[in-house]
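Below are the chains, spelled out letter by letter.
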Amino acid sequence: MAGLMMMGYALGIVAAAVVVWFAAHRRVRDAPSARLVPVLHAARRRALIAVLFAATVFLVGALAGIAMPDLLGQPFAVAPLIAGAAGMLLYSATPPRLVVLRDDEPRAAQLVPRSALSAVPVRWAGFFLVAVAILVFVVLFCGITAGVDEQGRSRAIRFEADDVASWSSPYPGWFYGVPALIALAALAVCTLIALQRISATPAFPQPSDAPLDQLWRRRSVEVILKLGIGAVLFSLGGIAVTAGLAMGNAVIDGSTPMIWSVVSDALWISGAVALVLSIVSVTLAGLTAVTIGEAATRMESVR
C-alpha cells in the first residue's frame, strides 16, 4: 500500500513539475529596470531550486523506504518533512544577489526595521500553523491509541471484546510518531531560518524601489510557507491514511464501539484529502517561485 501511495504521489509531483515548467516558459518577458533584473532572476532561481531540491530529497527518501523494508516504513513518515527542511536550508545557504551600483551612485538606506515575520502573509502563515497543529494532534492520538507488535514496537492497534481479539499493523504509533515529531521540529526551525534570511537580505538601494523590494520578499516567503505546508500535509496524509486503514481492519464487527469505525473513516478520508492538498501546495510553491519577477514587472511597467 505504501509503495502504491508513493508511486501515485510521485506521478503527482511529475504532473506538478510539468505545470511549473509551462508556467516558467509562459511568464511575462518584459523586465523592470535593468539594475533589478539580475536580482529578481536570482531570487526566482533561488526559490525554484529550493522547491526542486526538496522534491528530489523526498523522492530519495521514498525510494529508501521502498528499497529497505527492514525500516518498516519509517522513511515515509519523515521523508516529506526532512525534504521540506532540506529545501529551506538550501535556500538559506544560497547567498542572495544584490543590486549593483555605480561608484558615484548613492545608496539610500531605508530605516524600516524588519524581522523574520515582517513579510509573512497572515493567510499562508495560518494555513501552515493549522497544518502543523493537526499533524501534532494526529500523531499524539495515534501514539496514545497504539499497541505494541510482536517485537514490542508501538506500531499496531488492538481491539478486544469478550474472548475475541483483533489487531492490525502497521499503525502509526510512537514508532513512527516520535521520528515524525522530531522531523517536524526540524522543519519548523528551518522555516524560521529561511524567513530570517529573507528579512536580512539588504533592501533595494533606491526609495522608489521599496514596493518592488517588499513584493519579492512577500513572494519568497510564500514559497517557503507553501513548501512547508506541502511537507506537513503529506506527512499528515500518510499517517492519517495508514491509521484509518489499520484501525478499520482491526475493528471487530458487532463488538467494537461504532465510534472507532467513524474515526477510522474520518482518518483515511481526511488523510487522502491532505495528500492531494500537499501536491497542490507544492505546485503553488513552484508557481510562486517562477513568478517572483512577474508581479514586479507589472508593477514597474505602470510606474
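Parameters and conventions
Residues numbered from 1 in each chain as written. Predicted model: local features only at pLDDT ≥ 70, side-chain atom pairs only at ≥ 80, totals over all residues. Heavy atoms only, no water. Helix = DSSP H or I, 4+ residues; strand = E, 2+ residues; numbered from the N terminus. Buried < 20%, exposed > 50% of the residue type's maximum accessible area, 1.4 Å probe, protein only. Contact = heavy atoms within 4.5 Å. Areas by Shrake-Rupley, 256 points an atom, 1.4 Å probe, with all protein chains shown as cover. Phe/Tyr/Trp six-rings, centres within 6.5 Å; stacked < 30°, edge-to-face > 60°. Axes fitted to C-alpha atoms, helices over the stretch in contact; angles between N-to-C directions. Parallel < 35°, antiparallel > 145°, perpendicular 65-115°, else oblique. Left-handed = near helix turned anticlockwise from the far one by under 90°. Nonpolar A, V, L, I, M, F, W, Y, C, P; charged D, E, K, R; others polar. Expected span 1.5 Å × (residues − 1). Polar contact = N/O pair within 3.5 Å; in protein donor to acceptor, adjacent residues only side chain to side chain. Salt bridge = Lys/Arg side-chain N within 4 Å of Asp/Glu carboxyl O. Core = buried A, V, L, I, M, F, W, Y, C linked by side-chain atoms within 4.5 Å. Pairing = 2+ DSSP bridges.

**Some words on the overall build of the chain**
Helix and strand content of the chain: eight helices and three strands. Along the chain direction, N to C, the helices and strands of the chain fall in the order α-α-α-α-β-β-β-α-α-α-α. Looking at the chain as a whole, 49% of its 303 residues are labelled buried. Put simply, of all contacts in the chain between residues at least 6 apart along the chain, 81% involve residues at least 24 apart. Split by element, the accessible area of the chain, about 14,800 Å² in all, is 69% carbon and sulfur.

**Some words on the packing of aromatic side chains**
According to the stated counting rule, one finds four aromatic pairs in the structure shown. Here phenylalanine 58 and phenylalanine 234 contribute two aromatic rings whose centre-to-centre distance is 4.9 Å and whose plane-to-plane angle is 80°, an arrangement assigned as edge-to-face. Highlighted residues: phenylalanine 58 in helix α2 (residues 37-67) and phenylalanine 234 in helix α6 (residues 210-250), separated in sequence by 176 residues. You'll find phenylalanine 58 and phenylalanine 234 in the same group, each marked buried.

**Overview of the packing of helix α4 (residues 122-145) against helix α5 (residues 174-200)**
Two elements in contact, α4 and α5, have axes whose closest approach is 9 Å; the angle formed by their N-to-C orientations is 160°. Judged by the angle between their axes, α4 and α5 are roughly antiparallel. Remark: the crossing between α4 and α5 carries left-handed chirality. Of the residues in α5, those touching α4 at Phe128, Val132, Leu135, Val136, Val139, Leu140, Gly143 and Ile144 are Trp174, Gly177, Leu181, Leu184 and Thr191. Looking at the contact of α4 with α5 residue by residue, the classes come out as ten nonpolar, three polar and no charged.

**Looking at α4**
Compared with an ideal rise of 1.5 Å per residue, which puts 24 residues at 34 Å, α4 spans 34 Å between its outermost C-alpha atoms and is within 8% of the ideal. Turning to α4, its buried residues are Trp124, Ala125, Phe128, Ala131, Val132, Leu135, Val138, Val139, Cys142 and Gly143.

**Considerations on the side chain of serine 235**
As for its placement among the helices and strands, serine 235 is situated in helix α6. On the accessibility criterion, serine 235 (1% relative accessible area) is buried. Within the local environment of serine 235, its side chain forms a polar contact with the backbone oxygen of alanine 77, the two atoms lying 3.1 Å apart. Not counting the four nearest positions on each side in its chain, serine 235 is found in contact with Ala77, Pro80, Leu81 and Leu135.

**Observations regarding the pattern of salt bridges**
Evaluated as defined, the whole model comprises four salt bridges. Put simply, aspartate 149 and arginine 153 hold a salt bridge, and the shortest N to O gap is 3.5 Å. Look at arginine 153 and you get partly exposed, because its relative accessible area is 27%. The salt bridge involving aspartate 149 is made with arginine 155; its shortest N-O contact spans 3.4 Å. The buried category is assigned to arginine 155, whose relative accessible area is 11%.

**Focus on the nonpolar core**
Counting residues in each nonpolar core, the largest one holds 61 residues, and the members touching the most others are Tyr91, Leu135, Tyr171, Leu187 and Val232. Breaking this core down by element, the ones donating at least two residues are α2, α3 (74-93), α4, β2 (154-161), α5, α6 and α7 (258-290). Looking at this core, the element that brings in the most residues is α6, giving 17 residues. The next biggest cluster of nonpolar side chains, apart from the first, holds six residues, and it includes Phe58, Ala83, Phe234 and Leu275.

**Some words on the side chain of glutamate 222**
Of note, glutamate 222 is situated in helix α6. In this structure glutamate 222 touches Pro121, Trp124 and Thr288, once residues within four positions along its chain are discounted.

**Some remarks on the sheet that holds strand β3 (residues 164-168)**
Within a sheet, neighbouring strands are paired by backbone hydrogen bonds and run either parallel or antiparallel to one another. The antiparallel open sheet is built from three strands, whose spatial order is β1-β2-β3. Two strands in the sheet have a free side with no partner beyond their single neighbour: β1 (147-148) and β3. Pairing geometry for β2 and β3, over five bridges, is antiparallel. Pairing of alanine 161 across the sheet is with valine 164, part of β3.

**A short note on the pairing of β2**
With six of eight residues buried, β2 is to be regarded as a mostly interior element. Across two bridges, the pairing between β1 and β2 is antiparallel. Pairing of valine 148 across the sheet is with serine 154, part of β2. In this antiparallel pair of consecutive strands, β1 and β2, the connection spans five residues, and glycine 152 shows a positive phi of 80°. Following β2, the chain reverses through two residues before pairing antiparallel with β3; aspartate 162 in that reversal takes a positive phi of roughly 55°.

Bear in mind that shape data such as this cannot, by itself, settle questions of function.
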